[in-house]
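Structural description and commentary
For reference, the chains in residue letters:
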Amino acid sequence: MKRVYNFSAGPSMLPLSVLEKAQKDLVCYGDSGMSVMEMSHRSADYDVIIKEAEALLREIMEIPDNYKVLFLQGGASTQFAAVPLNLMNKNGKADYVLSGQFSTKAFKEAQKYGDVVAAASSKDINFSAIPATTRESFRADADYVHVCYNNTIYGTKFPAVPDTGDIPLVADMSSCIISEPVDVSRFGMIYAGAQKNMAPAGLTIVIVREDLIGNARDITPAMLDYKLMAEGESMYNTPPCWCIYVAKLVYEWIKELGGLAEMKKLNEKKAAVLYDYLDSQDYYIAPVEKESRSMMNVTFVTGDADLDKKFAKEASDAGLKNLKGHRSVGGMRASIYNAMPYEGVEALVEFMKKFAAENPKGEN
Ligand SMILES: *Cc1c(COP(=O)(O)O)cnc(C)c1O
């Protein structure tokens, strides 16, 4: 069976070479005589895998030594509670930037634990841009500022790291992590569900500055306490062993193709094909303001819900899968993560041209 171009927002495409390597090792890993799926997480073989995974992620992201890297479970959504439990520990205050659904969910979860306010929001423009902030937008005594760096549903991304002065910045990077270099030292913490750009669902990455951990509230569940997780080297309990193994293969793939600088070039090239086409015509509308455009999730509409539906169906029949927009916003969304080949985006643009020619507006 032929593989399709899968534009799913998550879980999403993995590099074919990674899937093939995983397949090759599936039944017998090295000379262990067993699958990674069957291995004790405390075995010598597995110890090498998880240590290499961490070392590779540190290398490709250039993570400074004073940051812990944790391999956790529960998805990014569990971090919506873990962040306030661990970090809202000095003044009991945190400021959130509302730029879409996930940041709003994170905000509501954090409100259970303290004095949490929305420092800025773009809800009034249907989240079609990242709200502008300055240092003055945030309360000087906030324990942290939370942002969602790339908004998977709306297709927006922060054009630059927001300036929060001395307040630690916490970023949900679920849908843009390892898509380009970031200066980790600008952040107090970065977290991401792995199923968008890294690995199968089940793994959550937390990168947290050491001085921010160790002050979790007394009521913090052990599984959400960064200090316990760091002391246990992500093995307080059984980690998502197989997902970590696949993540390691993905990090190797990125390293081999030249690291995140090269990854960024490839992603920019892909996104440009789509955005340049969108900007060159008026059949499709790209609702996101240009400076807030995401390189990973590209949203567009025809302006006619029936045509949008027809588009998604016919694209699917043509092997371009999962282009229907999120159920809450409609339209179309092409998620073009690291593993989406350039040819997939080219094929999408060709399909868009054909569809526009075949379906003139106002005549259907
Ligand atoms: C997908 C996604 C989430 C939710 O992730 P889960 O791992 O399903 O909890 C949160 N934030 C962003 C930015 C996402 O893209």
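Please read these numbers as outputs of a predicted model, since none were measured by experiment.

This brings us to a nonpolar patch on the surface. A cluster of nonpolar residues, Leu26, Val27 and Met37, forms a patch on the protein surface that exposes about 290 Å² of accessible area. Looking at where Leu26 falls in the secondary structure, it is placed in the loop between helix 1 (16-25) and helix 2 (44-61). Judged by its relative accessible area of 32%, Leu26 is partly exposed.

With that out of the way, let us pick up the site of the ligand. In the vicinity of the ligand, 13 residues are found, and the nearest of them are Ser77, Thr152, Asp172, Gln195 and Lys196. In the environment of the ligand, an oxygen atom lies 2.6 Å from a nitrogen or oxygen atom belonging to the side chain of Ser77. In this structure, an oxygen atom belonging to the ligand sits 2.9 Å away from a side-chain N or O atom of Gln195. The biggest single contributor to the shell around the ligand is helix 3 (residues 75-87), with 4 residues. Counted by class, the shell around the ligand contains 4 nonpolar, 7 polar and 2 charged residues.

Looking at the protein, the domain boundaries give domain 1 (5-9 + 259-358) and domain 2 (18-256). Put simply, the middle of domain 1 and the middle of domain 2, counted by C-alpha atoms, are 26 Å apart. Between domain 1 and domain 2, roughly 2100 Å² of surface is buried when both sides are summed, and carbon and sulfur atoms account for 57% of that area. Taken as a group, Leu260, Ser292 and Asn338 account for 27% of the area that domain 1 buries against domain 2, more than any other trio of residues on that side. Applying the counting rule to domain 1 against domain 2 returns 1 salt bridge. Residue Glu180 pairs with Lys264 through a salt bridge whose shortest N-O separation is 3.8 Å.

Turning next to the side chain of Asp25. Locating Asp25 in the fold gives a position in helix 1. A polar contact of 3.0 Å, which involves the side chain of Asp25, links it to the side chain of Lys21.

With that out of the way, let us pick up the side chain of Ser234. Considering the arrangement of structural elements, one finds Ser234 in the loop between helix 5 (226-231) and helix 6 (241-256). By relative accessible area, Ser234 is classed as buried at 5%. In terms of polar contacts, Ser234 uses its side chain to reach the backbone amide nitrogen of Phe71, at 2.9 Å.

All right, on to the sheet that holds strand 4 (residues 115-121) then. Pairing is mixed across the open sheet formed by 7 strands, whose spatial order is 2-10-9-8-5-3-4. Two strands in the sheet have a free side with no partner beyond their single neighbour: strand 2 (67-72) and strand 4. Pairs of neighbouring strands in the sheet enclose a mean axial angle of 15°, with direction left out of account. The pairing of strand 3 (residues 93-98) with strand 5 (residues 144-148) spans 3 bridges and is parallel. Bridge pairing links Asp95 to Val145 in strand 5. Across the face of the sheet, helix 3 comes into contact with strand 2, strand 3, strand 5, strand 8 (169-172), strand 9 (189-193) and strand 10 (204-209) while running at roughly 155° to strand 9.

Here we take up the pairing of strand 13 (residues 332-335). Side chains of strand 13 alternate between two faces, with Met332 and Ala334 and Arg333 and Ser335 buried alike. Here strand 11 (residues 297-300) pairs with strand 13 via 4 bridges, running antiparallel. Considered in strand 13, the bridge of Thr299 is made with Arg333.

Turning our eyes to something else, we now look at the packing of helix 3 against helix 4 (residues 101-110). Between helix 3 and helix 4, the shortest axis-to-axis distance is 8 Å and the interhelical angle comes to 45°. The orientation of helix 3 with respect to helix 4, classified from their angle, is oblique. Where helix 3 crosses over helix 4, the two elements pack in a sense that is right-handed. In this structure, helix 3 contributes Phe80, Ala81 and Pro84 to the contact, and helix 4 contributes Phe102, Lys105, Ala106, Glu109 and Ala110. For the contact of helix 3 with helix 4, the class distribution of residues is 6 nonpolar, no polar and 2 charged.

This part takes up the environment of Phe158. By secondary structure assignment, the location of Phe158 is in the loop between strand 7 (156-157) and strand 8. For Phe158, a relative accessible area of 4% puts it in the buried group. If we ignore the near neighbours within four places in the chain, the residues touching Phe158 are Val97, Ser99, Ile130, Val147, Cys148 and Tyr149.

Conventions we followed
Residues numbered from 1 in each chain as written. Predicted model: local features only at pLDDT ≥ 70, side-chain atom pairs only at ≥ 80, totals over all residues. Heavy atoms only, no water. Patch = residues over 30% accessible without salt bridge, like charges linked within 9 Å, V, L, I, M, F, W, Y side chains within 5 Å. Areas by Shrake-Rupley, 256 points an atom, 1.4 Å probe, with all protein chains shown as cover. Salt bridge = Lys/Arg side-chain N within 4 Å of Asp/Glu carboxyl O. Helix = DSSP H or I, 4+ residues; strand = E, 2+ residues; numbered from the N terminus. Buried < 20%, exposed > 50% of the residue type's maximum accessible area, 1.4 Å probe, protein only. Near = heavy atom within 4 Å. Polar contact = N/O pair within 3.5 Å; in protein donor to acceptor, adjacent residues only side chain to side chain. Nonpolar A, V, L, I, M, F, W, Y, C, P; charged D, E, K, R; others polar. Domains from an automatic or database assignment. Buried area = accessible area lost by both parts, 1.4 Å probe. Pairing = 2+ DSSP bridges. Axes fitted to C-alpha atoms, helices over the stretch in contact; angles between N-to-C directions. Contact = heavy atoms within 4.5 Å. Parallel < 35°, antiparallel > 145°, perpendicular 65-115°, else oblique. Left-handed = near helix turned anticlockwise from the far one by under 90°.

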